[in-house]
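Structural overview
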Amino acid sequence: MGINTVIDLNKVADQFKIAGNVGTIEPFGNGHINDTYKVILSDSSLPGFLLQKINHHVFRDIDGLMNNIEKVTTHISQKSSDKNHALQLIASKNGKPYVKYEEEYWRIYRFMDGLQSHETTNNLQIVYEAGNAFGIFLRDLSGLPADHLTETIKNFHSIEFRITQLKEASGNRLKKYDTPDINSFIKKVLVLADKLRTIQKLASAGELPYRITHNDTKLNNVLFNNQGEAKCVVDLDTVMPGLVHFDFGDGVRTSASSAIEDEEDISKVDIDFEKFEAYSNGYLDATREALMPKEVFYLSESGALLSLIMAIRFLTDHLIGDRYYKINYQGHNLVRAKCQFRLAQIIFMRKSDMDRVINKFYKQS
Ligand code: ADP
Ligand code: GN1
Ligand code: MG
């Protein structure tokens, strides 16, 4: 019997301090890395829980990871005026933030009843709110020194590291991938990567500050109420020292795109400028005072950078046989890579238009 049967999941949930009897445990969410379940209590009028199996092939230092999450949730909850919507870990019966059960690692959060995430949206209020929520997240955590957190995945958004990984994967790939179209695709990706090295170079030279950033600012990592107000930022596994460009860029990639992340019809892939305006407005409303002008100056390059990093990561995973991301079908990672590459190209071409928008909202108070 596999670990993910109902019986095993009940045994896992039983390791935590849950007030009430567990009724059902159902798969939940659309994450590419961890396995997430909703724990519903027998008395369904009581709030439920969110159970997660942490992917320990991706997150190698589980102690360091959970230590980060404890520090971040505590800090945010202290800052928040809305404690009801602050993300809260539930301790194990041994008082630990996670449990090791049959060689897998598990944790539980309080379930945020009445809130929902969106995979994509055309509602500009939701886009504004997503930008604003991630901006507030960055601002709130600016009071916590960046070196207090462990780097949960080394070089996570380093373009140089991702290029090296792609070149290695390309060099070691199986014969079946040795097609002219994949070769020309890899070449095009590397050409654009070469044009997007500035942000990292400046950071390495100490000209852009490392802060505590979220590093996975996808739209579906914000929970909203029924009025479209952002109430809670989730998915804290990659919260660690980073650049504001990683957060703003990944937000643009997901919240301001006109297509889903794995759109097969490349002609549908575009940046939606109304959404870009709304996201920038929301983000800068929260961070205007916290950011240095130099950080703001390079925000317009970050959407292309993060889309390209994602294209490289998906392409690399495709070439090594889909070992990192969950896939729904054969070739899924290549479809994702092509979509993200197209998005990166388009955003790169519209850099000066983006600059104008960012400047407008930066100067507006
Ligand atoms: P993954 O790392 O796999 O993306 P997440 O932590 O983002 O996992 O959780 C998956 C989804 O579950 C999120 O997109 C969000 O919709 C939902 N979610 C996460 N945490 C909570 C919570 N505490 N309460 C309610 N829903 C949540
Ligand atoms: C992964 O876990 P999830 O689905 O929120 C990935 C992110 C990517 C994202 C692309 C730890 O995020 O970096 O941006 O997929 N997380 C990790 O959809 O690699
Ligand atoms: Mg997530």
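Up top is the structure.
First, a word on what this report is: a plain description of the structure on this page. All values derive from a computational prediction rather than experimental measurement.

A look at the site of ligand 1
Close contacts around ligand 1 come from 17 residues, with Gln52, Met112, Ser117, Asn220 and Asn221 the closest. Here a nitrogen atom of ligand 1 and a backbone polar atom of Met112 are 2.9 Å apart. With respect to ligand 1, the backbone of Asn220 contributes an N or O atom lying 2.7 Å from an oxygen atom. Burial of ligand 1 by the protein amounts to 95% of the accessible area it has alone, namely 550 Å². Judged by the proximity of its atoms to the pocket grid, ligand 1 belongs to the largest pocket. Of all the secondary-structure elements, those providing two or more residues to the shell around ligand 1 are strand S3 (49-54) and strand S6 (104-110). Of the residues in the shell around ligand 1, the class split is eight nonpolar, seven polar and two charged.

Remarks on the environment of Cys232
Assignment of secondary structure puts Cys232 in strand S9 (residues 230-233). Judged by its relative accessible area of 5%, Cys232 is buried. For the pair formed by Cys232 and Asn328, sequence separation is 96 residues and the distance between their alpha carbons is 28 Å. Those residues in contact with Cys232 that sit more than four places away from it in its chain are His85, Leu87, Met112, Leu115, Asn221, Val222 and Leu223.

Things to note about the site of ligand 2
Among the 18 residues in the neighbourhood of ligand 2, the closest are listed as His32, Lys218, Glu261, Arg313 and Tyr324. For ligand 2, the accessible surface in isolation is 440 Å², of which the surrounding protein chains cover 97%. Mapping ligand 2 onto the cavity grids shows that it belongs to the largest pocket. The element best represented in the shell around ligand 2 is helix H10 (residues 299-319), accounting for three residues. Its residues assigned to classes, the shell around ligand 2 shows eight nonpolar, four polar and six charged.

Considering the pattern of salt bridges
Within this structure, the stated rule accounts for 19 salt bridges. Residues Glu277 and Lys360 are paired through a salt bridge, measuring 3.3 Å at the closest nitrogen-oxygen approach. Highlighted residues: Glu277 in helix H8 (residues 273-287) and Lys360 in helix H12 (residues 351-363), separated in sequence by 83 residues. Given a relative accessible area of 27%, Glu277 falls into the partly exposed group. Classification of Lys360 as partly exposed rests on a relative accessible area of 42%. Of the charged contacts, one joins Asp355 and Lys351 as a salt bridge, the two residues approaching to 3.7 Å between their closest N and O atoms. In this pair, Asp355 and Lys351 both sit in helix H12, four residues apart, roughly one turn of the helix. In the salt-bridge network here, residues are joined through shared partners; they are Asp35, Lys53 and Lys326.

Things to note about the nonpolar core
Counting 104 residues, the largest nonpolar core has Val252, Ile271, Phe276, Leu308 and Leu315 as its most contacted members. Two domains each donate at least three residues to this core, and these are domain 1 (3-110) and domain 2 (124-363). Look past the residues within four positions of Ile271 in its chain and what remains in contact with it is Val252, Ala256, Ser258, Phe276, Leu343, Ile346, Ile347, Arg350 and Met354. Counting 16 residues, the second-largest nonpolar core is a separate cluster that includes Leu9, Phe16, Ile25 and Phe49.

With respect to the coordination of the magnesium ion (ligand 3)
Within the protein, the magnesium ion (ligand 3) binds to Asn221 (OD1) and Asp235 (OD); these donor distances fall in the range 2.2 Å. Placement of the pair is Asn221 in the loop between strand S7 (211-213) and strand S8 (222-224) and Asp235 in the loop between S9 and strand S10 (240-242), with a sequence separation of 14 residues. We classify Asp235 as partly exposed; its relative accessible area is 26%.

Remarks on the side chain of Gln52
Along the chain, Gln52 falls in strand S3. Owing to a relative accessible area of 11%, Gln52 belongs among the buried residues under this scheme. Within the structure, the side chain of Gln52 is placed 3.0 Å from the side chain of Thr36, a separation counted as a polar contact. Once residues lying within four places of it in the same chain are set aside, the contact partners of Gln52 are Asp35, Thr36, Tyr105, Trp106, Arg107 and Tyr109.

A few points about the packing of helix H4 (residues 159-171) against H10
The N-to-C vectors of H4 and H10 enclose an angle of 25°; their axes lie 9 Å apart at closest approach. Our classification of the angle between H4 and H10 gives roughly parallel. Between H4 and H10 lies a crossing whose hand is left-handed. Every residue of H10 that contacts H4 at Ile159, Arg162, Ile163, Gln165, Leu166, Ala169 and Ser170 is listed here: Leu305, Leu308, Ile309, Ile312, Arg313, Leu315, Thr316 and Leu319.

Thresholds applied
Residues numbered from 1 in each chain as written. Chains lettered and ligands numbered in written order. Predicted model: local features only at pLDDT ≥ 70, side-chain atom pairs only at ≥ 80, totals over all residues. Heavy atoms only, no water. Near = heavy atom within 4 Å. Polar contact = N/O pair within 3.5 Å; in protein donor to acceptor, adjacent residues only side chain to side chain. Areas by Shrake-Rupley, 256 points an atom, 1.4 Å probe, with all protein chains shown as cover. 1 Å grid on protein atoms, 1.4 Å probe; cavity = no way out; pocket = protein on both sides within 12 Å on 5 of 7 lines; lining within 4 Å. Sits in = over half its atoms within 2 Å of the grid points. Helix = DSSP H or I, 4+ residues; strand = E, 2+ residues; numbered from the N terminus. Nonpolar A, V, L, I, M, F, W, Y, C, P; charged D, E, K, R; others polar. Buried < 20%, exposed > 50% of the residue type's maximum accessible area, 1.4 Å probe, protein only. Contact = heavy atoms within 4.5 Å. Salt bridge = Lys/Arg side-chain N within 4 Å of Asp/Glu carboxyl O. Core = buried A, V, L, I, M, F, W, Y, C linked by side-chain atoms within 4.5 Å. Domains from an automatic or database assignment. Donors = N, O, S within 2.8 Å, 3.2 Å for Na, K, Ca; no water. Axes fitted to C-alpha atoms, helices over the stretch in contact; angles between N-to-C directions. Parallel < 35°, antiparallel > 145°, perpendicular 65-115°, else oblique. Left-handed = near helix turned anticlockwise from the far one by under 90°.

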